[in-house]
Amino acid sequence: MRVLLVGAGGVGGAITRIAARRPFFEAMVVADYDPGRAGAAVAALGGDARFTAEQVDASDEEAVARLLARHRCDVLLNATDPRFVMPLFRAARAAGAGYLDMAMSLSRPHAERPYAECGVKLGDEQFEQAADWEKEGVLALVGMGVEPGLSDVFARYAADELFDEIEEIGVRDGANLTVDGYDFAPSFSIWTTIEECLNPPVVYERGRGWFTTEPFSEPEVFDFPEGIGPVECVNVEHEEVLLVPRWVDARRVTFKYGLGREFVETLKTLHLLGLDRTGPVTVPGPDGPVAVSPRDVVAACLPDPATLGERMHGKTCAGTWVRGLKDGKPREVYLYHVVDNQWSMAEYGSQAVVWQTAVNPVVALELLATGAWSGAGVLGPEAFPAQPFLDLLAAYGSPWGMREM
């Protein structure tokens, strides 16, 4: 397998460190808009000849397609932010290469009823091309990070192994991470965090389909394992709600994120001030007016999450809560994956949140390389058997857990 990795930021850098320990691929080309960042990611691997660095603009479909062809890559692994999903998705198809991402094409709220009805949903643009990918016999594996990704694998595992009927699948994410020296320092891309947290959250119900609610709706306290403890979680727009119902039969599917009240209030303030907008505004500059995106300014003012590992303490938990019936009796479980920042920094030099995101696409690539997973079209993680993934994840030294509720 020959891989083009686009994006050498926190998650991309963690992907290279994880992949370098595995023998399943022949080559990995690490490409970024910033050639210095791509070069640094490769240099950190101590001379592994399988890795090379390149410069590419992720929005330039023709340049990406040429890079895929020049390096004879079988698959494009997208580690950029969601703005670049569609150009990279199209570039891979144009080059006849497979595609894998960790976040799907962007949504657009309903024009008249944003907090009741869906407009353009996450992933809609990709699924519109599913028949073409399937006809061409090429796979686009979408939403294959940790959430979405591992959380979807857990949903598939629960349906296959743990339940006869599923009432609800609810992805629940929480952490007790702190960052020394910062009052506000998101552990993941603030651009992506603003996008998913301030858009109308989507809920799925059998018979009703997908619908939306107000941001931060339906707060609940969820008790997370391994010492993290109770965290208030709220509805957030996320890909699992759009993916799981396509392959897993459940009456209701939700996603709730343990943001904490201070984080929620900060996001509300950004929205109130218009600082969550992506469209340009004109501001004075030393050489005249300059058009800038308010959200890009917010991101530039905050520390790069990839650089926070040495200052971070605590654990992060991603998991899928499922309730239903087994052998005619009620059952409720939480399938989860916890990463301790102290461990991920000592073992890989990557902070916990980016490492937890990065390990899952590497596991998926290995399953595809060995033939344990195969398929064509635009497919989510739920479309594949869960057990091979969970077994290989444990073999990577990062086991998962299950708690009966």
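So, a few notes on the structure that sits alongside this text. (Residues numbered from 1 in each chain as written. Predicted model: local features only at pLDDT ≥ 70, side-chain atom pairs only at ≥ 80, totals over all residues. Heavy atoms only, no water.)

**Structural notes on the nonpolar core**
Note the cut-off: For our purposes a nonpolar core is just a set of buried Ala, Val, Leu, Ile, Met, Phe, Trp, Tyr and Cys residues, chained together by side-chain atoms within 4.5 Å. Whether a residue is buried, partly exposed or exposed follows from its accessible area with a 1.4 Å probe, protein chains only, as a fraction of its type maximum: under 20%, in between, or over 50%, in that order. Only DSSP runs of H or I reaching four residues or more are called helices, and only runs of E reaching two or more are called strands; each is numbered from the N terminus.
In this structure, Ile15, Met28, Val30, Ile169, Leu259, Trp373 and Phe389 are the most contacted members of the largest nonpolar core, which totals 88 residues. A per-element tally of this core places helix H13 (residues 352-370) first, with ten residues. In terms of nonpolar packing, the next biggest core, distinct from the first, is built from 29 residues, Val56, Cys73, Met86 and Phe127 among them.

**Some thoughts on the sheet that holds strand S2 (residues 27-32)**
Inclusion rule: Note: two strands are recorded as paired if DSSP finds a minimum of 2 bridges between them. What counts as an axis is a line fitted to C-alpha atoms, over the stretch in contact for a helix, and the angles between N-to-C directions run from 0 to 180 degrees. Whether two residues touch is decided by their heavy atoms; if any such pair falls within 4.5 Å, the residues are in contact.
The strand order across the open sheet formed by seven strands is S3-S2-S1-S4-S5-S6-S19, and the pairing between neighbours is parallel. Each edge of the open sheet carries a strand with a single partner, namely strand S3 (51-55) and strand S19 (377-379). Across this sheet, the average inter-strand angle for adjacent strands is 20°, counted without regard to direction. In this structure, strand S4 (residues 75-78) lies alongside strand S5 (residues 98-101), joined through four bridges in parallel fashion. Note on S5: the bridge partner recorded for Leu76 is Tyr99. Lying on the sheet, helix H1 (residues 10-19) is in contact with strand S1 (2-6), S2, S3 and S4; it crosses S2 at an angle near 165°. Sitting on the sheet, helix H4 (residues 85-95) touches S1, S4, S5, strand S6 (139-141) and S19, and the angle it makes with S5 is about 160°.

**Some remarks on the layout of surface pockets**
Put simply, the rule is: Of the grid points, spaced at 1 Å and generated over the protein atoms alone, those admitting a 1.4 Å probe that cannot get out make up cavities, while open sets with protein on both sides within 12 Å along at least five of seven lines make up pockets; any residue with an atom within 4 Å of a point is treated as lining. Grid points are joined across faces, edges and corners, and a volume is the space filled by probe spheres set on the points. The residue classification treats Ala, Val, Leu, Ile, Met, Phe, Trp, Tyr, Cys and Pro as nonpolar and Asp, Glu, Lys and Arg as charged. All others, Gly included, are polar.
Taken as a whole, the second largest pocket encloses approximately 400 Å³ of empty space. Of all the secondary structure elements, the ones that give two or more residues to the lining of the second largest pocket are helix H8 (190-198) and helix H10 (261-272). Per-element accounting of the lining of the second largest pocket gives the leading share, four residues, to H8. Here the lining of the second largest pocket is composed, by residue class, of nine nonpolar, five polar and seven charged.

**Here's the deal with the pairing of S4**
For clarity, the threshold we go by: With the strands aimed away from the viewer, a crossover counts as right-handed if its path from the first strand over the helix to the second runs clockwise.
Covered by surrounding structure in S4 are Val75 and Leu77 together with Leu76 and Asn78, the residues of both alternating faces. Of the strand pairs in this sheet, S1 and S4 are connected by four bridges, and their pairing is parallel. Within S4, the residue paired with Leu4 across the bridge is Leu76. Running through H4, the crossover from S4 to the neighbouring parallel element S5 is right-handed.

**Quick word on helix H9 (residues 239-247)**
Given 3.6 residues per turn, any residue in an α-helix points the same way as the ones three and four places further on. With seven of nine residues buried, H9 is to be regarded as a mostly interior element. Taken together, the buried positions of H9 are Glu239, Glu240, Val241, Leu242, Leu243, Val244 and Pro245. Turning to H9, the residues buried within the fold contact helix H5 (124-127), helix H7 (150-162), strand S7 (165-175), strand S9 (202-205), strand S10 (209-212) and strand S13 (252-257).

**Description of the packing of aromatic side chains**
How we decide: The pairing test for Phe, Tyr and Trp rings, Trp by its six-membered ring, is centres within 6.5 Å, and the orientation test on the planes gives stacked under 30 degrees, edge-to-face over 60, and tilted for anything in between.
One pass over the full model with this rule turns up 18 aromatic pairs. Judged by centre distance (5.3 Å) and plane angle (85°), the rings of Phe89 and Tyr99 are edge-to-face. Of this pair, Phe89 sits in helix H4 while Tyr99 sits in strand S5, and the two are ten residues apart along the sequence. With a relative accessible area of 0%, Phe89 lands in the buried category. With centroids separated by 4.9 Å and ring planes inclined at 35°, the aromatic side chains of Phe89 and Trp133 adopt a geometry described as tilted. One end of the pair, Phe89, is in helix H4; the other, Trp133, is in helix H6 (residues 130-136), and 44 residues separate them in sequence.

**Focus on the pattern of salt bridges**
What counts is decided by this rule: The salt bridge criterion pairs a side-chain nitrogen of Lys or Arg with a carboxyl oxygen of Asp or Glu, the two atoms within 4 Å.
Inspection of every chain in the model, using the stated rule, returns 28 salt bridges. Between Arg83 and Asp296 there is a salt bridge, and its shortest N-O distance comes to 3.3 Å. Remark: Asp296 occurs in helix H11 (residues 294-301) and Arg83 occurs in the loop between S4 and H4; sequence separation between them is 213 residues. Here Lys256 makes a salt bridge to Glu220, at a shortest N to O gap of 3.0 Å. Of this pair, Lys256 sits in strand S13 while Glu220 is found in strand S11 (residues 220-224), placing the two residues 36 residues apart along the sequence. For Lys256, a relative accessible area of 5% puts it in the buried group. Under the relative-accessibility criterion, Glu220 is labelled partly exposed at 26%. Each member of the salt-bridge network shares a partner with another, and the members are Glu168, Arg172, Glu205, Glu218, Glu220, Arg252, Lys256 and Arg323.

**A closer look at the pairing of S11**
Alignment of S11 against strand S12 (residues 229-235), held across five bridges, turns out to be antiparallel. What sits directly across from Phe222, in S12, is Val231. Hairpin remark: S11 followed by S12, antiparallel, with four residues in the connecting loop; positive phi at Glu226, about 55°.

**Some details on a nonpolar patch on the surface**
Short version of the rule: Patch definition: residues with relative accessible area over 30% and no salt bridge; like charges joined within 9 Å; nonpolar side chains (Val, Leu, Ile, Met, Phe, Trp, Tyr) joined within 5 Å. To be clear on the numbers: accessible area is Shrake-Rupley with a 1.4 Å probe, and residue cover counts the displayed protein chains and nothing else.
A cluster of nonpolar side chains, namely Leu272, Leu273 and Leu275, defines an oily patch on the protein surface of about 320 Å² accessible area. Relative to the assigned elements, Leu272 resides in helix H10. The class for Leu272 is exposed, based on a relative accessible area of 72%.

**Thoughts on the packing of H7 against helix H14 (residues 386-395)**
Which entries qualify depends on this criterion: Each angle is binned into one of four classes, with values under 35 degrees roughly parallel, values over 145 roughly antiparallel, values of 65 to 115 roughly perpendicular, and all other values oblique. For any pair of crossing helices, the crossing counts as left-handed if the nearer helix is rotated counterclockwise from the farther one by less than a right angle, and right-handed if it is rotated clockwise.
Between H7 and H14, whose axes approach to 9 Å, the crossing angle comes to 130°. By the criterion of interaxial angle, the relationship of H7 to H14 is oblique. For H7 against H14, the interelement crossing comes out left-handed. Residues Leu150, Val153, Phe154, Arg156 and Tyr157 of H7 touch H14, and the partners they reach there are Ala386, Gln387, Phe389, Leu390 and Leu393. Grouping the constituent residues of the contact of H7 with H14 by class yields eight nonpolar, one polar and one charged.

**A look at the side chain of Thr320**
So the rule is basically this: By the criterion applied in these results, polar contacts are pairs of N or O atoms within 3.5 Å in which, for protein atoms, one can donate a hydrogen and the other can accept it, and in which residues neighboring in sequence qualify only through two side-chain atoms.
Note that Thr320 resides in strand S17 (residues 315-326). A polar contact is formed between the side chain of Thr320 and the backbone oxygen of Ser151, at a distance of 2.8 Å. Once residues lying within four places of it in the same chain are set aside, the contact partners of Thr320 are Ser151, Phe154, Ala155, Ile169, Gly170, Val171, Val333, Tyr334 and Leu335.

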